[in-house]
Amino acid sequence: MEMPAPMAATRRGFRRLGIGTALTLLLAAICIVTAVLVHSSWERTYTRNADDLVKEINTRIADTVAGNLQQVLTNASASEEALRTIFFQDVIKITNEAKREFVFLSLLQSQPSISWVAFGWPNDNFFGARKDPDESIRMVEVRHGPPSPYANQLRVDSYRPIAGDIQFLERSLGSSGFRSTALSWYQAAEQAKEPVWTEYSETPLGTQPGIAIASKLTVYGHYLGVMMVGIDLDRLARFLTALKVTRHGRAFVLAPGNKVLSAEMVASDTVAGWHDLDAANGPLAQALAQSIAENKLDLASMTAPRSVEVTRGMMGENIEDYVTFTPLPFRHWVVATVIPAEDILGDIPAATRRLYMMVIALVIAISIFGAIVTHRLVTRPLAGIAEQMRQIERFHL
């Protein structure tokens, strides 16, 4: 007969919300829903417009970088054409050492991006003008002959540019087994009817990876040899670094196989060349590798520019970098520009985060204010009326 007690306790455990609490929660819910609707609409519009603007800006920047790189290659082609015209028209004979050096030097100084102007003979002799990273110039000659103390002679004359001229510094002599006919650029040009682009690594001065445009020289039906204009990869990498992309953005040259050309990997005492993208350091290089992996991009088959976004966060909701790939009409190379979102969006993401905090603070403030007003204007008067009704109920008039 003592069973009703737990039922009473159960009824007391499920107390109904008071009218004040219910009104406060309703007011807070109305504020939250209104804030979410207004903010989501604004954020959707801002994100769409901002993304369109960023893609347009990024595409223009990428096109500019690719155009500048293409101009470097075009200038090298024009230099090779000018060199071939001079010797083909027999204006200067290739055997004239003094005038040959003058022509090579003039072309080398007129084009800041060029590293080599050279000529190779069918007998394996070689002559070239080399511009080093510090802009100093070396005239390099390799002569082969019958066995003697002077066979396979290497001569290197060093010069320092001065205003309007060059200053001779020193001459060094040695021996070299370097043979021009064994080089890839010589062999490719010898078999081609038109100037051909190739990559090289071996030079009379050691290993210096680069790209070269070469063509064979035939005068009056006599094959004389192959001429070459070359650009070292480290010079090309430094040229890309010198291009102003954005405050923190950078440009990269990519090759099939996820090879990257970057000046950050070129130290003053090391040899430049292609490096594995996965081994590249820095957040921008990592963003570039992430964009290729996530979008499964094939650089060798890319024929049109492509823009992708690199996101962060558990749900990928935060755009950190904008990456644009622009293919070049050269050996399947691709120019990639990586631009941090903050460089283009500026303070917009930070302002959005501040707006989030302001909305949350505003909802809390309105809820507290609503609770106070509800208590004073609704809850307290109703409680008084309820107390009076209880008094009337007990006939306490």
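Being a predicted model, the structure only gives us computed values, none of them experimental.

A. Structural context of the confidence of the model for the protein chain. In the predicted model, the protein chain carries a mean pLDDT of 79, and 80% of its residues have values of at least 70. This stretch, residues 7-14, has a pLDDT under 50; its non-local contacts, to residues over four places away or in other chains, come to zero contacts.

B. A look at empty space enclosed by the protein. Overall, the coordinates contain one cavity of 30 Å³ or more when judged by the stated rule. Computed from the structure, the largest cavity encloses a volume of approximately 50 Å³. In terms of lining, the largest cavity is formed by Trp116, Phe126, Phe178, Leu183, Trp185, Tyr200, Glu202, Thr203, Pro204 and Met228. Broken down by element, the residue count for the lining of the largest cavity peaks at three residues, all from strand β6 (residues 196-203). Classifying every residue of the lining of the largest cavity by side-chain character gives eight nonpolar, one polar and one charged.

C. A look at the nonpolar core. Ranked by internal contacts, the top residues of the largest apolar core, which has 49 residues, are Val65, Leu83, Phe87, Phe104, Ile211, Leu236 and Trp333. With nine residues, the single largest contributor to this core is helix α2 (residues 19-88). Discounting residues that sit within four places of it in the chain, Leu236 has contacts with Leu69, Val72, Ile211, Ile231, Leu261 and Trp333. If you look at the next biggest cluster of nonpolar residues, it comprises 21 residues, including Val260, Val308, Ala336 and Val338.

Cut-offs applied
- Residues numbered from 1 in each chain as written.
- Predicted model: local features only at pLDDT ≥ 70, side-chain atom pairs only at ≥ 80, totals over all residues.
- Heavy atoms only, no water.
- pLDDT = per-residue confidence, 0-100.
- Contact = heavy atoms within 4.5 Å.
- 1 Å grid on protein atoms, 1.4 Å probe; cavity = no way out; pocket = protein on both sides within 12 Å on 5 of 7 lines; lining within 4 Å.
- Points joined across faces, edges and corners; volume = space filled by probe spheres on them.
- Helix = DSSP H or I, 4+ residues; strand = E, 2+ residues; numbered from the N terminus.
- Nonpolar A, V, L, I, M, F, W, Y, C, P; charged D, E, K, R; others polar.
- Core = buried A, V, L, I, M, F, W, Y, C linked by side-chain atoms within 4.5 Å.
- Buried < 20%, exposed > 50% of the residue type's maximum accessible area, 1.4 Å probe, protein only.

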